[in-house]
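Tertiary structure, described
If you want the building blocks of each chain, they are given just below.
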Amino acid sequence: NKLMTEIQNNFKSLGLLEPYCWKKGEACVVRGSDTMWYRGKVVELNGSTLQVQYIDHGCIERIPQCHLYPTTLYTGIPPFCIPCQLYKTVPIGDFWQQDAVDCLQELLTNEEVEIHVQELPDNPWGKLSINLYFGGMSLSSFMAYQKYCVAEDCQDVPDLEILEGDVPVLPSYMLPPLPIPGDTFPVRVTHLVSPKEVYICLDPSKKNLMKQSTIEGDANCDSELESLEEALKWCNKSVGCFPLLTQFRTEMPCLVEYQDGLWYRGKLLSIEESDPVKVLVQFVDYGSFLVVPRSRLRHIPYHLLKYPVQAVRALLAGFKPALYDKNVKRIPYSPEWSVEALWAMMECVEGKQLSASILALSPEVTISLYEDDQNLVHMKLIEMGLADLEE
């Protein structure tokens, strides 16, 4: 920033308007499309326009001579951009095709990646040989899978085998740390399976992930949930580059496209139809379920597995289905409960600030669920005759 400010202060004209004999490799400043001046270097001479490299950014553009100014003012300051090449990675046809370049730009532009230096160049101005990782995945392995290159002596065999279609043996999602039994803590119900079985989010102060995954946020957020939101935002930007799922395993983590067109963390539960293939999945940060075609399933980047799931399955204590509930319409997968009881419970919890207390952690998480006035949520079902108190 200090250098940029100095350059702007020293160069306020429109560029060199009088004839000048440019030389290949000559240092200059370039007036960019944003009207700012940048350090540059002439790489090719082409009549009235020159090919110039922005030495602090790496990109090369064809620039009219009137937008350039020769200078040696800043040649003693090393470039802030380091030229790199993928280690032992050979593009198909010995040069990167335009569709490969487009894929790389979509995948990596302005994204934070991990670099492992493999070899230093013989020439100090040469290219650094590196392995690059995005989302925990090797870029060389990914580009080889896309048939853009051949990765020689690739050390990322597990990554590459997963991309080539073997059933991935990925780690399972982690559960968040749960409060101590007996303590009362704020929750939000994210999904109801039945009046007795719910999914809760332990931090209701955070906004809905489905609305946040494409919203620009603070890249320096420290909290786990905000980091997950940033990771999901990145995934939605780059999802077209992630391989489709072609093999399936129960409980396998994946990315799933929801009805709003955005992608979220999920896991496979079962194959519901075979022609065409349709799969029952669960959105692990909400608890909700959906049957989707396999075109809406993609491999999940490994780094998304390090965040605990945001929705925890819990059973509600203190009540049971009403013995004499006369409502005929029952929940198909939980026929002991009437649909009327499910709707009533939904009205009690949907969008509301609630609190809970854990009664048991095993064999299943069991909680008491309270309204903001500290009354048990299920008491409304008791009053309506849709549930009985549990003895």
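Please read all numbers here as calculations on a predicted model, not as lab measurements. (Residues numbered from 1 in each chain as written. Predicted model: local features only at pLDDT ≥ 70, side-chain atom pairs only at ≥ 80, totals over all residues. Heavy atoms only, no water.)

A closer look at the overall build of the protein chain
Along its length, the protein chain carries 8 helices and 25 strands. Split into buried and exposed, the 391 residues of the protein chain put 43% on the buried side. A fraction of 57% describes how many contacts in the protein chain between residues 6 or more apart in sequence connect residues 24 or more apart. Of the accessible surface of the protein chain, which amounts to about 21500 Å², a share of 53% is contributed by carbon and sulfur atoms. (Helix = DSSP H or I, 4+ residues; strand = E, 2+ residues; numbered from the N terminus. Buried < 20%, exposed > 50% of the residue type's maximum accessible area, 1.4 Å probe, protein only. Contact = heavy atoms within 4.5 Å. Areas by Shrake-Rupley, 256 points an atom, 1.4 Å probe, with all protein chains shown as cover.)

Points about the confidence of the model for the protein chain
Here the protein chain averages 84 in pLDDT, and 88% of its residues register 70 or above. Within the protein chain, strand β19 (residues 311-316) carries the highest mean pLDDT (96), whereas helix α4 (residues 157-163) carries the lowest (38). (pLDDT = per-residue confidence, 0-100.)

Details of the pairing of strand β22 (residues 334-338)
Across 2 bridges, strand β21 (residues 330-331) lies against β22 in antiparallel orientation. By the bridge assignment for β22, I331 is matched with S334. The loop that links β21 with its antiparallel partner β22 comprises 2 residues. (Pairing = 2+ DSSP bridges.)

A look at the nonpolar core
F134, L139, F142, M143 and L304 are the most contacted members of the largest nonpolar core, which has 35 residues in total. Mapped onto the domain boundaries, this core takes at least three residues apiece from domain 2 (84-151) and domain 4 (243-300). When residues no more than four places from it in sequence are discounted, the contact partners of L139 are L86, L104, L107, L108, L132 and F134. Judged by nonpolar contacts, the second largest core, of 29 residues, contains V198, M345, L369 and V377. (Core = buried A, V, L, I, M, F, W, Y, C linked by side-chain atoms within 4.5 Å. Domains from an automatic or database assignment.)

Section: the side chain of S194
Within the secondary structure, S194 sits in the loop between β12 (184-192) and β13 (197-201). On the accessibility criterion, S194 (4% relative accessible area) is buried.

Quick notes on helix α1 (residues 2-10)
Listed as buried for α1 are L3, I7 and Q8. For α1, the angular spread of the buried residues around the axis is 135°, confining them to a single face. On its buried face, α1 is in contact with β1 (27-31) and β2 (37-46). (Arc of directions from axis to C-beta.)

Quick look at the environment of N131
Within the secondary structure, N131 is located in strand β9 (residues 128-134). Since its relative accessible area comes to 9%, N131 is described here as buried. Counting along the chain gives 42 residues from N131 to T89, while the straight-line C-alpha distance between them is 9.4 Å.

Observations concerning unusual backbone geometry
Cis geometry is adopted by the peptide bond preceding P363, which originates at S362 and carries an omega value of 0°. Residues other than glycine seldom take positive phi values, yet T35 does so here, at roughly 70°. Secondary-structure assignment places T35 in the loop between β1 and β2. Relative accessible area serves as the criterion here: at 48%, T35 is assigned to the partly exposed category. Look at K88: it is not a glycine, yet its phi comes out positive at around 50°.

Some words on the sheet that holds strand β15 (residues 263-274)
If you walk across this open sheet you meet the 5 strands as β17-β16-β15-β14-β18, and the pairing is antiparallel. Both edges of this open sheet fall to β17 (289-293) and β18 (297-298), since each of them pairs with a single strand only. In terms of strand pairing, strand β16 (residues 277-283) meets β17 through 5 bridges, oriented antiparallel. By the bridge assignment, Q282 is partnered in β17 with F289.

Overview of the sheet that holds β12
Read around the barrel, 5 strands follow the order β12-β13-β19-β24-β23 and close on themselves; strand pairing throughout is mixed. Taking the axes of each pair of neighbouring strands and ignoring which way they run, one obtains an average angle of 60° across the sheet. Of the strand pairs in this sheet, β19 and strand β24 (residues 366-370) are connected by 2 bridges, and their pairing is parallel. Across the sheet, residue L316 finds its bridge partner in β24, namely I367. Contacting β12, β19, β23 (354-360) and β24, helix α7 (residues 339-349) runs over the sheet at an angle of about 135° to β12. (Axes fitted to C-alpha atoms, helices over the stretch in contact; angles between N-to-C directions.)

So, the environment of L268
With respect to the element layout, L268 can be found in strand β15. Classification of L268 as buried rests on a relative accessible area of 2%. Residues L268 and L280, spaced 12 residues apart in sequence, show a C-alpha to C-alpha distance of 6.3 Å. Those residues in contact with L268, other than ones at most four positions away along the chain, are L245, F248, R249, T250, E251, M252, C254, V279, L280, V281 and L297.

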